[in-house]
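These are the residues of each chain, in order.
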Amino acid sequence: MLARLDTVYADTRADALSFALGLPPLDALAVLSVVRADVRVELRLLGASHQVMAGPVSETVACLPGRPGPLPGRVHEEIGGWSYDFTADVETYSSGGAFETAVADLAARLGDRTDALTGAFPGSPYALTALAVEPDGGWRTWHAYPQTREIVATRTRLAAGTGGESAGQSEER
């Protein structure tokens with residue numbers, strides 16, 4: 001699902017993104033709920049990036065006041081009997097053309113998916129935030145920064161505790 005957002009683009013660069021677990025739902029510009037692997041995953045586009053609510057988890061990756069960046073490369077936590085794994089990578093493109101091609105390819109890949117939410121911010125067709133639920137219930141996100149030619153990609157896996165089903169058991173990139 002593509003959401004054309006009518007808001008100021010709040011993110012400015014990858015290293016300004018912060019990471020938080022456990023925040024309450026923040027004001028969202030667009031929301032998409034998907035059920036996978038018996039887990040309801042709520043994808044939320046914020047003016048300052050994204051928030052995902054799934055099982056006992058509230059994950060926020062955004063430019064938040066009082067929370068400095070950059071994102072951690074990896075986080076592993078046990079939350080409410082669930083195992084939570086988060087990874088983040090930043091790719092910087094040496095040319096504007098390569099960056100624009102990567103963003104256009106991402107938007108095309110996610111455009112028709114009913115389990116993906118892409119927010120296009122005004123001012124640049126390459127200023128976007130995208131979230132997608134994986135087949136097993138985990139999720140991935142992408143944050144594109146045209147002014148610095150960076151794409152931040154995150155992947156989250158969530159697995160129920162002992163004897164439970166897993167969500168997000170994806171192979172590594």
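Residues numbered from 1 in each chain as written. Predicted model: local features only at pLDDT ≥ 70, side-chain atom pairs only at ≥ 80, totals over all residues. Heavy atoms only, no water.

1. Points about the pattern of salt bridges
Link 1 in the chain: Applying the stated criterion to the full structure yields 6 salt bridges.
Link 2 in the chain: Ionic pairing is found between R36 and D115, a salt bridge with its closest N-O pair at 2.9 Å. One end of the pair, R36, is in strand β3 (residues 30-36); the other, D115, is in the loop between α1 (96-110) and β9 (116-120), with 79 residues separating them in the sequence.
Link 3 in the chain: The class for R36 is partly exposed, based on a relative accessible area of 22%.
Link 4 in the chain: By relative accessible area, which is 9% here, D115 ends up buried.
Link 5 in the chain: One salt bridge in this structure joins E42 and R44, with 2.9 Å as the shortest N-O distance. Of the two residues examined, E42 and R44, each falls in the buried class. (Salt bridge = Lys/Arg side-chain N within 4 Å of Asp/Glu carboxyl O. Helix = DSSP H or I, 4+ residues; strand = E, 2+ residues; numbered from the N terminus. Buried < 20%, exposed > 50% of the residue type's maximum accessible area, 1.4 Å probe, protein only.)

2. Thoughts on the nonpolar core
Link 1 in the chain: In this structure, V41, L43, Y84 and W139 are the most contacted members of the largest nonpolar core, which totals 28 residues.
Link 2 in the chain: By size, the runner-up hydrophobic cluster in this structure holds 14 residues, among which are L110, W142, A144 and I151. (Core = buried A, V, L, I, M, F, W, Y, C linked by side-chain atoms within 4.5 Å.)

3. Concerning the environment of V52
Link 1 in the chain: Tracing the backbone shows V52 in strand β5 (residues 49-54).
Link 2 in the chain: Distance in space between the C-alpha atoms of V52 and E42 is 5.6 Å, their sequence separation being 10 residues.
Link 3 in the chain: In this structure V52 touches V41, E42, L43, V57, S58, E59, L131 and W139, once residues within four positions along its chain are discounted. (Contact = heavy atoms within 4.5 Å.)

4. A short note on the pairing of strand β7 (residues 74-79)
The two faces of a sheet get side chains in turn, since along a regular strand they alternate between them.
Link 1 in the chain: In this structure, β7 lies alongside strand β8 (residues 82-92), joined through 6 bridges in antiparallel fashion. Residue I79 lies in a different strand from β8, and its bridge partner there is W82.
Link 2 in the chain: Counted along the chain from β7 to the antiparallel partner β8, the turn is 2 residues long, and its residue G80 has a positive phi close to 55 degrees. (Pairing = 2+ DSSP bridges.)

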